[in-house]
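Coordinates in review
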Amino acid sequence: INERLEQMKNINEDSMRLLQYDEKNMIAAFLKDTLIAQVDESKLNKNQKQLLQSLRAWNNFATAESANQTLFNAWCINLKSGLWEDEFGGKEMIYPTTDISMRTVKFNINRKWVDNSSTPQVETLNELINHTYTATCDSLEREFGGDPEKWEWAMVKKTHVTHLLRIPAFSNTLVYTGGNSGIVNASGSDHGPSWRMIVELGKEPKAYGLYPGGQSGNPGSPFYDNMIEPWSKGEQKELLILHSAEEKNNHIVSSIVLKK
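None of these values were measured; they are calculated from a predicted model. (Residues numbered from 1 in each chain as written. Predicted model: local features only at pLDDT ≥ 70, side-chain atom pairs only at ≥ 80, totals over all residues. Heavy atoms only, no water.)

What follows concerns the overall build of the chain. Secondary structure summary: the chain contains ten helices and five strands in total. For the chain, the C-alpha radius of gyration of 23 Å lies well beyond 18 Å, the compact-globule estimate for 260 residues. Overall size of the chain, expressed as C-alpha extent along the three principal axes, is 75 × 45 × 40 Å. Buried residues in the chain amount to 34% of all 260 residues. (Helix = DSSP H or I, 4+ residues; strand = E, 2+ residues; numbered from the N terminus. Rg over C-alpha atoms; globule rule 2.2 N^0.38 Å. Buried < 20%, exposed > 50% of the residue type's maximum accessible area, 1.4 Å probe, protein only.)

Have a look at this one:
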């Protein structure tokens, strides 16, 4: 966010909308080149070499269609597990935070923790990086096939908006969108920015917003989930701001008055 704000000039509501939907993977920006530099390409098969070359050229954005985001995310998960599972894999234990994992790999520190305590040999960070890379490629190929075009991030991540009663028929089980936890567009699999809003202050405030749902609670209504698709694209609508209960506006289609 700081990086984007430093670059912005003449900021308006659209600038802030694009910022809220920013999909840059800062972990990839910090760590990707370090990881790739450690991979021994002489030990890779043809497919693994091609994937590494594509990952090297990736712009680090977790867009909905990005297969590189899928690969990098899975690689990081496996790498983190390889770092900490032997010491912190118990039921009552939690892994160290992501920033500690990032620093461990980036600067090759915490070497005692890199070694797998369950084996007699001493493992190095280089060995762990190489092992997890090939294992990640193989697991993605087994699960999604050998064509990386089918590794689209949105299809792997499977963002979904679930009904409060967890009824699949009343839920949206696949929202095609990018982003992830740790990214400004924090749309994960089952969590995300459920309300985006921008307010422009002034004599007459203007506000824009959207949430992943609809204004009707009736599953048969066209307004039940009609805002999910524009939400998934980072769009927002101008919000209606009334100054009194009696104010008339063309956007008001009906009203209900509650009386004792």
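Evaluation of the coordinates by the stated rule reveals five salt bridges. Residue Glu3 is joined to Lys24 by a salt bridge in which the shortest nitrogen-to-oxygen separation is 3.0 Å. Remark: Lys24 occurs in the loop between helix H2 (13–20) and helix H3 (26–38) and Glu3 occurs in helix H1 (residues 2–7); sequence separation between them is 21 residues. Overall, Glu3 belongs to the partly exposed group, its relative accessible area being 34%. (Salt bridge = Lys/Arg side-chain N within 4 Å of Asp/Glu carboxyl O.)

Relative to strand S4 (residues 206–210), strand S3 (residues 196–200) is paired through five bridges, and the arrangement is antiparallel. What sits directly across from Met197, in S4, is Gly209. Counted along the chain from S3 to the antiparallel partner S4, the turn is five residues long. (Pairing = 2+ DSSP bridges.)

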